[in-house]
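Inside the fold
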2 protein chains.
Amino acid sequence: MRKMRYLALMSYDGTNYHGYQIQPDQRTIQQEVEAVLKRMHKGQTIKIVASGRTDAGVHALGQAFHFDSDLDIPEIRWVRALNAQLPEDIVVLSVIGVSGDFHARFDVAEKWYDYHIYNSAIADPFKRHYSAHVSHPLNIGAMQKACEYLVGTHDFTAFCATNSNVTDSKVRTIYQATCKKTADNMIVFSVSGNGFLYNMVRIIVGTLIDIGYGRKSPTVIKEALVTLDRNTLGKTAPAKGLYLKKVVYNKN
Amino acid sequence: MRKMRYLALMSYDGTNYHGYQIQPDQRTIQQEVEAVLKRMHKGQTIKIVASGRTDAGVHALGQAFHFDSDLDIPEIRWVRALNAQLPEDIVVLSVIGVSGDFHARFDVAEKWYDYHIYNSAIADPFKRHYSAHVSHPLNIGAMQKACEYLVGTHDFTAFCATNSNVTDSKVRTIYQATCKKTADNMIVFSVSGNGFLYNMVRIIVGTLIDIGYGRKSPTVIKEALVTLDRNTLGKTAPAKGLYLKKVVYNKN
């Protein structure tokens, strides 16, 4: 049978992984998925290409990847076949056939991330791997105000980890950025954009936490888009609160 | 200073514990809490007495325990002092002084448990330690009907693990039992009663799942309260979906 290209969506709990990308002697998401595909293809190596990496401890609700296969499996059976062999903390949600020139990284139009901040005097043992805990009450109004400065097309150099090896443009477009308190003392920061620099969401959140505390003004965000100075912003928030929520692709 | 008795409430994620009760060479909740109290009391052993045990993998939202101490610590500081030394998956929620004849087990008037069933075609990696996953759609109406037969004072012999060493009465009173579907495909079974036999909630849930599948009629519950036959009921549902939610004490 000729090779077909497939686009898959998966959700994973990143707690026990050293991030998405394959690394020697480390447990990673890519390694686990490729190991299952290799078994399904009788020892043949099948590379997967994701929408982008996620760091150690970062979670995914809807990570996308493509792969090529000559196995004659109906699309509906792929999900069951993969999940039967994957560890419980990685779940494939859907697999669909796509055209041979589709690319899970190059064709990304938009990505959505969520960040969970558990804002309560006392920690919750069930949220310890799935949120950043902040015991001091945060001012959501100030955080929401700061979010508004993020929206639009800006040079996000100040919001990029200084050890990043991206040497090209750091201009990105943010379509939406909001902070909302949910019923159980969880503050959810949601952001969508056409692309994100290394650690960008976590630096935004670290800064929003400082703003919520009252240690920084919401305008530091606006100013950092002009000064491009990383030092005016907050710390990088912990990985465990971050979720890659959704990847939107260009129509071909 | 003279000894004072304290009543504490705690929440724990039971995933990484071999249950509540101290056992040789096993990590348990009781052992972790007593180790912290021992450090706070300069090497003196301080026993804690809980409302009851929880099995390996069972969680608690509001487990209660008492202990005696001659430390001169204001009540409000106990919580912070304990949480500063406890592992992240055990959190003390409150500590209050009680009279010297209060007993966290003997004075229990009522206990509340929740059981979470994740009822979705595809598993959710974030719920793998916190619910039982059932992919077949369950009939909640039938499960709710079965719940009604539980309420009242009955002999629950059929709902008790056969390796239980309780030789006295297996009559218990159930005050409330409900099954509700929440927004995200979670079915929550909630039950309160004056006491529960070993594995009783998990045997009820295993039976409710069979009823939801259509493999058993809701009336098996009613019948088992007469026949007292464990074999007519479902399997013991997995520990990981069970939460000790609340303990209510008699007024002295």
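Everything discussed here concerns the structure shown above.
Residues numbered from 1 in each chain as written. Chains lettered and ligands numbered in written order. Predicted model: local features only at pLDDT ≥ 70, side-chain atom pairs only at ≥ 80, totals over all residues. Heavy atoms only, no water.

This part takes up the interface of chain A and chain B. In this assembly, 23 residues from chain A lie in contact with 23 residues from chain B. Buried surface at the junction of chain A and chain B, summed over both partners, amounts to about 1600 Å²; 67% is from carbon and sulfur atoms. Counting every contact that joins chain A to chain B gives 4 salt bridges. The partner of B:Asp13 in a salt bridge is A:Arg128, and the shortest N-O contact between them spans 2.8 Å. Residue assignment for the side of chain A that touches chain B shows that the elements contributing at least two residues are β1 (4-12), β3 (59-69), α2 (75-85) and β4 (90-98) of chain A. The leading source of residues in the side of chain A that touches chain B is β4(A), at 4 residues. Here the residues of the side of chain A that touches chain B sort into 14 nonpolar, 4 polar and 5 charged. (Contact = heavy atoms within 4.5 Å. Buried area = accessible area lost by both parts, 1.4 Å probe. Salt bridge = Lys/Arg side-chain N within 4 Å of Asp/Glu carboxyl O. Helix = DSSP H or I, 4+ residues; strand = E, 2+ residues; numbered from the N terminus. Nonpolar A, V, L, I, M, F, W, Y, C, P; charged D, E, K, R; others polar.)

Attention shifts here to the side chain of A:Arg128. Following the sequence through the fold, A:Arg128 ends up in the loop between β5 (108-119) and β6 (132-134). Overall, A:Arg128 belongs to the buried group, its relative accessible area being 9%. Within the structure, A:Arg128 has its side chain in polar contact with the backbone oxygen of A:Pro125 (distance 2.9 Å). Within the local environment of A:Arg128, its side chain forms a polar contact with the side chain of B:Asp13, the two groups lying 2.8 Å apart. Other than its neighbours up to four places away in sequence, A:Arg128 contacts A:Lys240, B:Asp13, B:Asn16, B:Glu88, B:Asp89 and B:Tyr130. (Buried < 20%, exposed > 50% of the residue type's maximum accessible area, 1.4 Å probe, protein only. Polar contact = N/O pair within 3.5 Å; in protein donor to acceptor, adjacent residues only side chain to side chain.)

This part takes up the packing of helix α3 (residues 140-150) of chain B against helix α4 (residues 200-213) of chain B. Two packed helices can be described by the angle between their axes and the distance between those axes. Residue and element names in this part refer to chain B. Packing of α3 against α4 leaves a shortest axis separation of 8 Å and a crossing angle of 140°. In terms of their interaxial angle, α3 and α4 are classed as oblique. When you trace α3 past α4, the crossing you get is right-handed. Packed against α3, whose contacting residues are Ala142, Met143, Ala146, Cys147 and Leu150, the element α4 presents Ile204, Leu208, Ile211 and Gly212 at the interface. A class-by-class count of the residues in the contact of α3 with α4 yields 8 nonpolar, 1 polar and no charged. (Axes fitted to C-alpha atoms, helices over the stretch in contact; angles between N-to-C directions. Parallel < 35°, antiparallel > 145°, perpendicular 65-115°, else oblique. Left-handed = near helix turned anticlockwise from the far one by under 90°.)

Another aspect to go through is the nonpolar core. The biggest cluster of nonpolar side chains holds 76 residues, and the ones touching the most others in it are B:Phe67, B:Phe159 and B:Phe189. In terms of residues, this core owes the most to one element, α4(B), which gives 8 residues. Looking at which domains feed residues into this core, each of domain 1 (4-98) and domain 2 (108-249) of chain B gives three or more. Setting aside chain neighbours within four positions, we find B:Phe159 in contact with B:Leu150, B:Tyr198, B:Asn199, B:Met200, B:Ile203, B:Ile204, B:Ile221, B:Ala224, B:Leu225 and B:Leu233. Counting 75 residues, the second-largest nonpolar core is a separate cluster that includes A:Tyr6, A:Phe67, A:Ile117 and A:Ile187. (Core = buried A, V, L, I, M, F, W, Y, C linked by side-chain atoms within 4.5 Å. Domains from an automatic or database assignment.)

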